[in-house]
Amino acid sequence: MNPLFHVRAVCFDWGGTLMSEQGGPDDVPMAQWPQVEVIDGALACVQALSGRLPLAIATNASVSRRPMIELALSRVSLARYFSHIFCFTELGYRKSQVEFWRAVEQQLAVPLSAIAMIGDSYEQDAFYPRRFGAQAVWFNHEGKASRDEVAVPTVAALPTFAAWVMSAAA
């Protein structure tokens, strides 16, 4: 059963959801790492959704600013798919703060209730976005134990999320 409905825009977490966070030092922007990798299924997911509705990045990245995020995405052929990048380093707010989501809502010109968010952090990408009104999905590709605090839709593969979004696109 598809937990999404009337989706008009999609936000993806960046590190751990679209691109691997393995392979470089934590204090160096990912774009400057010797090697960067895309998460399995990420390219297929964004390609399936591309052109259907706006796609954005929503990240708490604290080392990389927007140009470095764009450069890292370019290195794995993902940059062209995203119309917006919302990041802590530019907004001054994290995904656990309502101000972050107000900025997303305003800049996308889409109500939070029509934005689907996916990411690998239960708290930052599922719990808080749902709390503020987004349709958040936990990307649990590592098979972590399910969380009981708040029931959230969960997927283990990004193409499953893409299918949900396509069937729920307004």
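Please refer to the structure higher up on the page.
What you see is a predicted model, and the numbers here were worked out from it, not measured in a lab. (Residues numbered from 1 in each chain as written. Predicted model: local features only at pLDDT ≥ 70, side-chain atom pairs only at ≥ 80, totals over all residues. Heavy atoms only, no water.)

A. Spotlight on the packing of aromatic side chains. The final tally for this structure, using the stated rule, is seven aromatic pairs. A ring pair is formed by F12 and F82, whose centres lie 5.8 Å apart and whose planes are at 85 degrees; its orientation type is edge-to-face. Of the two residues, F12 is situated in strand β1 (residues 9–12) and F82 in the loop between α2 (66–75) and β3 (84–87); the sequence distance between them amounts to 70 residues. In this pair, the class of F12 matches that of F82, namely buried. Geometrically, the ring pair formed by Y128 and F132 is stacked, given 6.3 Å between the ring centres and 20 degrees between the ring planes. Grouping aromatic residues by their ring pairs yields a cluster made of Y122, F127, Y128, F132 and W138. (Phe/Tyr/Trp six-rings, centres within 6.5 Å; stacked < 30°, edge-to-face > 60°. Helix = DSSP H or I, 4+ residues; strand = E, 2+ residues; numbered from the N terminus. Buried < 20%, exposed > 50% of the residue type's maximum accessible area, 1.4 Å probe, protein only.)

B. Here's a closer look at the nonpolar core. Counting 40 residues, the largest nonpolar core has V10, F12, M19, F82 and F161 as its most contacted members. Contributions of two or more residues to this core are made by β1, α1 (42–49), β2 (55–59), α2, β3, β4 (115–119), β5 (135–139) and α6 (158–168). Not counting residues within four places of it along the chain, the set of residues in contact with F161 comprises L4, V10, F12, C45, A116, I118, V137 and V155. The next biggest cluster of nonpolar side chains, apart from the first, holds 20 residues, and it includes A114, I115, Y122 and A136. (Core = buried A, V, L, I, M, F, W, Y, C linked by side-chain atoms within 4.5 Å. Contact = heavy atoms within 4.5 Å.)

C. Spotlight on the side chain of T89. Relative to the helices and strands, T89 is located in helix α3 (residues 88–91). Relative accessible area serves as the criterion here: at 18%, T89 is assigned to the buried category. Look past the residues within four positions of T89 in its chain and what remains in contact with it is A61, S62, V63, S64 and R65.

D. Structural detail: the pairing of β5. Most of β5 sits out of view: five of its five residues are buried. Of the two faces of β5, the one holding Q135, V137 and F139 and the one holding A136 and W138 are both buried throughout. Inspection of the sheet shows β4 paired to β5 by four bridges, in the parallel sense. The residue of β5 that forms the bridge with G119 is W138. Crossover handedness for the path β4 to helix α5 (residues 122–131) to β5: right-handed. (Pairing = 2+ DSSP bridges. Right-handed = clockwise from strand over helix to strand, strands pointing away.)

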